[in-house]
Amino acid sequence: MVDHYPVLYREIIQFFRYIENGYLVDATLGGGGHSFLILKYNPNLKVVGIDRDEYAIEIAKDRLSEFKDRVIIQKGSFKDIDILLESLSIKKASGFLFDLGVSHFQLKLERGFSFQREEFLDMRMDRSQRLTAFDVVNSLSEQQLYRIIRDYSEEKFALRIAKRIVDYRRNKKIETTRELADIVCQVYPPNLRYSSRIHPATRTFQAIRIYVNNELNQLETGLEKAIKLTEKDGIIAVISFHSIEDRIVKHTFKKYQQLKILEVLTKKPVIPSKKELMENPASRSGKLRVVRRL
Ligand SMILES: C[S@@+](CC[C@H](N)C(=O)[O-])C[C@H]1O[C@@H](n2cnc3c(N)ncnc32)[C@H](O)[C@@H]1O
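1. Some details on the sheet that holds strand β3 (residues 71-75)
Across a sheet, strands are paired by hydrogen bonds formed along the backbone, either parallel or antiparallel in direction.
Part 1 of the argument: Reading across the sheet, the seven strands line up as β3-β2-β1-β4-β5-β7-β6 and stay open at both edges, with mixed pairing between neighbours. Since the sheet does not close on itself, it has two edges, and those belong to β3 and β6 (262-264), each with one partner. With direction set aside, neighbouring strand axes in the sheet form an average angle of 15°.
Part 2 of the argument: Alignment of β6 against strand β7 (residues 287-293), held across three bridges, turns out to be antiparallel. Its bridge partner being in β7, L262 is matched across the sheet by R293.
Part 3 of the argument: Of the strands in this sheet, β2 (46-51) and β3 touch helix α3 (residues 54-63), which is tilted by about 165° from β3.
Part 4 of the argument: Docked against the sheet, helix α13 (residues 243-258) engages β5 (230-240), β6 and β7, running at close to 125° with respect to β6.

2. Re the pairing of strand β4 (residues 93-99)
The two faces of a sheet get side chains in turn, since along a regular strand they alternate between them.
Part 1 of the argument: Along β4, seven of the seven residues are buried, which leaves the element largely enclosed by surrounding structure.
Part 2 of the argument: As paired strands, β4 and β5 are joined by six bridges and run parallel to one another. Bridge assignment links F98 to a residue of β5, and that residue is V238.

3. Looking at the domain arrangement of the protein
Part 1 of the argument: Domain parsing of the protein yields domain 1 (9-105 + 215-293) and domain 2 (130-212).
Part 2 of the argument: For domain 1 and domain 2, the distance between their C-alpha centroids amounts to 31 Å.

4. Let's talk about the packing of helix α8 (residues 158-168) against helix α9 (residues 177-187)
Part 1 of the argument: Close contact between α8 and α9 brings their axes to 9 Å; oriented N to C, the two are set at 130°. Compared by their axis directions, α8 and α9 come out oblique. The handedness of the crossing between α8 and α9 comes out as right-handed. In contact with R160, I161, R164, I165 and Y168 of α8, α9 contributes I183, V184, Q186 and V187.
Part 2 of the argument: Classifying every residue of the contact of α8 with α9 gives six nonpolar, one polar and two charged.

5. Details of the site of the ligand
Part 1 of the argument: Lining the immediate environment of the ligand, one finds 22 residues, of which P6, T28, G30, G33 and S103 sit closest.
Part 2 of the argument: Those elements that place two or more of their residues in the shell around the ligand are α2 (33-41) and β2.
Part 3 of the argument: Among the residues forming the shell around the ligand, the class breakdown is six nonpolar, eleven polar and five charged.

6. Overview of unusual backbone geometry
Part 1 of the argument: Despite not being glycine, K68 shows a phi value in the positive range, around 45°.
Part 2 of the argument: Within the secondary structure, K68 sits in the loop between α3 and β3.
Part 3 of the argument: Located in the positive-phi region is K260, a residue other than glycine, with phi close to 60°.
Part 4 of the argument: Inspection of the secondary structure assignment puts K260 in the loop between α13 and β6.
Part 5 of the argument: A residue is classified by how many C-beta atoms lie within 10 Å of it, and K260, with 8 of them, is exposed.

7. Regarding α3
Part 1 of the argument: The set of residues buried in α3 consists of A56, I57 and A60. An end-on view of α3 places all buried positions within 100° of arc, on one side of the element. In α3, the exposed positions angled more than 90 degrees off the buried face are occupied by E54 and D62.
Part 2 of the argument: Where α3 is buried, its residues meet β2 and β3.

8. Here's the deal with the packing of helix α12 (residues 215-229) against α13
Part 1 of the argument: For the pair α12 and α13, interaxial distance at closest approach is 10 Å and the crossing angle is 25°. The angle between α12 and α13 falls in the class roughly parallel. Regarding α12 and α13, the two cross each other, and that crossing is right-handed. From α12, L216, L219, E220, L223 and I227 reach across to α13, where they touch I244, E245, I248, V249, T252 and Y256.
Part 2 of the argument: The class makeup of the residues in the contact of α12 with α13 is eight nonpolar, one polar and two charged.

9. Examining the nonpolar core
Part 1 of the argument: L24 and A237 are the most contacted members of the largest nonpolar core, which has 51 residues in total.
Part 2 of the argument: Aside from chain neighbours lying at most four places away, what touches L24 is F16, I38, L45, V47, A93, S94, G95 and L97.
Part 3 of the argument: Judged by nonpolar contacts, the second largest core, of 28 residues, contains V137, L145, A162 and I165.

10. A look at α12
Part 1 of the argument: Between its first and last C-alpha, α12 extends 20 Å over 15 residues, near the 21 Å set by a 1.5 Å rise per residue.
Part 2 of the argument: Three or more residues of α12 are buried, namely E215, L219, G222, L223, K225, A226, I227 and L229.
Part 3 of the argument: Contacts made by the buried residues of α12 are with α4 (81-87), β4, α11 (202-212), β5, α13 and β6.

The rules behind the values
Residues numbered from 1 in each chain as written. Predicted model: local features only at pLDDT ≥ 70, side-chain atom pairs only at ≥ 80, totals over all residues. Pairing = 2+ DSSP bridges. Helix = DSSP H or I, 4+ residues; strand = E, 2+ residues; numbered from the N terminus. Axes fitted to C-alpha atoms, helices over the stretch in contact; angles between N-to-C directions. Contact = placed C-beta atoms within 7 Å. Buried ≥ 20, exposed ≤ 12 C-beta atoms within 10 Å, placed from the backbone. Domains from an automatic or database assignment. Parallel < 35°, antiparallel > 145°, perpendicular 65-115°, else oblique. Left-handed = near helix turned anticlockwise from the far one by under 90°. Nonpolar A, V, L, I, M, F, W, Y, C, P; charged D, E, K, R; others polar. Near = placed C-beta within 6 Å. Arc of directions from axis to C-beta. Core = buried A, V, L, I, M, F, W, Y, C linked by C-beta atoms within 7 Å. Expected span 1.5 Å × (residues − 1).

Structural data, given as structure tokens:
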């Protein structure tokens, strides 16, 4: 069995359980948690698993090794899913799964995603990429930082945070996660610093991570391509973790539903049950939307 429960796994198993054959593309393979369960509960499916992170690829290869030739694993981004499938001579898939964001092991790996520990401000999912969070906070203008923080996290103190970052770096470069988290905390009025459910730096970290990894553009491109590459009656499932991502998923699905290319199977997004929240509190912001290709 897996050592970590993937988000909304019971629902994901059900949606992919009755597909009769073909390939499921796990576009965000991570540690292979969802794929493991899908392969186990649906013996008719094969999986093409992709991830931008070479470490995820290694973990997933190990976890899925028992399924042998039912699994193909490749490093890459889902924005290039058409090229990737073509290179494998796969014309259409029976399903796609996107489980967005970072995985639990990426958070633990000192990759600069988390401010719980002192880590270098990196935040790259794909470490062959050059741009890091360090470059972003130390070289973009106040206006650029303001827009990124505002648009990618809806942080209400975005302007103050951008100003404080630029002030701080006049004396010293911002090198670590804690340094950045402290800068953000200082901007928050003291009465709001500890009153919210989430740490004041959470939104700013999310925004910078989205920018570093170009997450929203990749999602738009990946979804459009997945819709084209899914065969009739195939299923596309997307789990998102914040409202900006969820909006993109919702609008894309709605657009193709109006064009009679998709049927939306989840009128409202599916959220984790009480039971799941007890098992895995980190699932709390997960939202699942599922469509069927017409
Ligand atoms: C939440 S984790 C997936 C966990 C996985 N479902 C499991 O059960 O183990 C998200 C993964 O997606 C990967 N990822 C994010 N954006 C990607 C992209 N554009 N292309 C490919 N992989 C991506 C991340 O590197 C991360 O490993």
